Amino acid sequence: MGIVVQKFGGTSVADSDKIKNVADAVIREKLNGNKVIVVVSAMGHTTDNLIKLSKEITATPPEREMDMLLSTGEQVSMALLAMAINQKGHKAVSLNAMQVGIMTEANHTRARIINIKHNRVNSHLNKDEIVIIAGFQGITEDGEITTLGRGGSDTSAVALAAAFKADRCDIYSDVEGVYTTDPRVVPTAQKLDVISYEEMLELARVGANVLHPRSVETAKLCDVPMRVRSSFKLDDLGTLIIGVDKMELHKPVTGLACDSSQVRIVICDVPDKPGNAGRLFSLLANKGLSVDMIIQSYARSSNNTNDIAFTIDKTDLPKFNEVVGELKNELNPSNFHIDEDIAKVSIVGAGMIDRPGIAAKMFETLAQLEINIKMISTSEIKISCLVEKAHAKEAVAALCSVFELDGAAVADVKGDLPV
């Protein structure tokens, strides 16, 4: 008898009928002969509503109190699900992070898990009980409640799967799996039967909203097989996420993502001397700003300056505005440009390693559409181009066609894998 971890998102537990449906999915896994650990998110828009309530009280709520507030959402879901499972004749118990012992850093609103205790959960599993755990939350050594930030419930589920050496971790939501691109943009996008951790991690980082990068990174580090599945189509196995060494790669590009949530910032005429780039990005880091794409232009000989361009998340723009004064004092630039009318279009595929011509094909495709590229960044398995937001949908459709992402699934699996 193995252990399976199931995680259900907010849309899956949005009301009592959907919670009963989730109970059926959990019991089904139990009847397959597995011990089951379930992780739940808050119901529907509960978290958003709690944030809205806090803002009605104060524009700057203390982070500790926000964690106290937001941690309540998952506790409602887990208790109701336990009731539903018990009502159907199976034993289930709900536990919050303190009861489990999900230990985190002392870092409110964005804590990271450092350890998970086993005794309480194992005790219930050994009694043949289904264990339902509140996602998104943890506890510090001195008893403070923390939350894990964006994607926290996915991360909770993968961390629990790793800690208990689960056979796999199934992430359930309202989507049927991972698609080659967003089917709302390209209706002929195909669901992938399998994708590697590496590819899924890059797709998550460049805008695919199926999984949070932290959860994929944890799964890769701990070698936890994951499945992305629909809680409304239980017979569909969804998409399996595994190591690239277990896959047969046929096409260079596996998927495409588009991210319209970034802004481009250009700092003009920065003196070209050692240390200025370090000063710039240290100031941003101290404000908690995460930078994505970066370009520094060639130094102009006339005045020995260059331009530094980078992108940040649009929600971080107020934080950037707070450090503009310091940046002017430190770097003495001639001007700042902020461009919000952009989108980042990215192709991802482990098959593009050591395969020439992929970047050229991407750039030529955009050129034929007269779409100007404002910035480029690359890794071994990813190429991202910054384009005007108005051309993003056209770019996505064209690149999907060129790289055959609107056809059949593109990867096979080596050997036997968990189902």
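We now turn to the structure provided with this report.

So, how was this worked out
- Residues numbered from 1 in each chain as written.
- Predicted model: local features only at pLDDT ≥ 70, side-chain atom pairs only at ≥ 80, totals over all residues.
- Heavy atoms only, no water.
- Pairing = 2+ DSSP bridges.
- Helix = DSSP H or I, 4+ residues; strand = E, 2+ residues; numbered from the N terminus.
- Axes fitted to C-alpha atoms, helices over the stretch in contact; angles between N-to-C directions.
- Contact = heavy atoms within 4.5 Å.
- Phe/Tyr/Trp six-rings, centres within 6.5 Å; stacked < 30°, edge-to-face > 60°.
- Buried < 20%, exposed > 50% of the residue type's maximum accessible area, 1.4 Å probe, protein only.
- Right-handed = clockwise from strand over helix to strand, strands pointing away.
- Salt bridge = Lys/Arg side-chain N within 4 Å of Asp/Glu carboxyl O.

## Structural notes on the sheet that holds strand β20 (residues 375-379)
Consideration 1: Taken in spatial order, the 4 strands line up as β14-β19-β21-β20 in an open sheet, and their pairing is antiparallel. At either end of the open sheet lies a strand with only one pairing partner, and these are β14 (255-259) and β20. If you compare each strand with its neighbour and ignore which way they point, the axes differ by 15 degrees on average.
Consideration 2: Bridge analysis of β14 against strand β19 (residues 342-348) gives 5 bridges, and the strand direction is antiparallel. From the neighbouring strand, A257 faces β19, where its bridge partner is S346.
Consideration 3: Sitting on the sheet, helix α11 (residues 358-368) touches β19, β20 and β21 (382-388), and the angle it makes with β21 is about 15 degrees.

## Examining the packing of aromatic side chains
Consideration 1: Under the counting rule described, the total for this entry stands at 4 aromatic pairs.
Consideration 2: A centroid spacing of 6.2 Å and a plane angle of 65 degrees characterise the contact between F310 and F320, whose relative ring orientation is edge-to-face. Residue F310 is found in strand β17 (residues 305-313), and its partner F320 is found in helix α10 (residues 317-331); the two are separated by 10 residues along the sequence.
Consideration 3: Taking the relative accessible area as the measure of exposure, F310 reaches 0% and is therefore buried.
Consideration 4: Ring geometry for F320 and F336: centres 6.2 Å apart, planes at 70 degrees, overall edge-to-face. Residue F320 is found in helix α10, and its partner F336 is found in strand β18 (residues 335-339); the two are separated by 16 residues along the sequence. This pair shows no difference in class: F320 is buried, exactly as F336 is.
Consideration 5: Following the ring pairs from residue to residue traces out a cluster consisting of F281, F310, F320 and F336.

## Let's talk about the pairing of strand β1 (residues 3-8)
Consideration 1: Most of β1 sits out of view: 6 of its 6 residues are buried.
Consideration 2: Of the two faces of β1, the one lined by I3, V5 and K7 and the one lined by V4, Q6 and F8 are each fully buried.
Consideration 3: As for the winding sense of the linkage, the β-α-β connection from β1 through helix α1 (residues 16-31) to strand β2 (residues 35-40) is right-handed.
Consideration 4: Pairing geometry for β1 and strand β9 (residues 168-173), over 5 bridges, is parallel. Opposite F8, over in β9, you have Y172 as the bridge partner.

## Describing the pattern of salt bridges
Consideration 1: Scanning all chains against the criterion turns up 19 salt bridges.
Consideration 2: Between E322 and K287 there is a salt bridge, with the nearest N and O atoms lying 2.7 Å from each other. A residue pair is termed long-range when its members are at least 10 positions apart, and E322 in helix α10 and K287 in the loop between α9 (276-286) and β16 (291-296) qualify at 35 residues.
Consideration 3: Its relative accessible area of 31% is what places K287 among the partly exposed residues.
Consideration 4: Members of the salt-bridge network, linked through shared partners, are E29, R168, D170 and R229.

## Some words on the sheet that holds β1
Consideration 1: If you trace the 8 strands from one edge of the open sheet to the other, you get β3-β6-β2-β1-β9-β11-β12-β10, paired in mixed fashion. In the strand order of this sheet, the two ends are held by β3 (92-95) and β10 (194-196), each with one partner. Ignoring strand direction, the axes of neighbouring strands in this sheet form an average angle of 20 degrees.
Consideration 2: In this structure, β9 lies alongside strand β11 (residues 226-230), joined through 5 bridges in parallel fashion. Of the residues in β11, the one forming a bridge with Y172 is R229.
Consideration 3: Where helix α7 (residues 197-205) meets the sheet, its contacts fall on β10 and β12 (239-242), and the angle it forms with β10 comes to roughly 80 degrees.

Treat this as a map of the structure, not an account of what it does.
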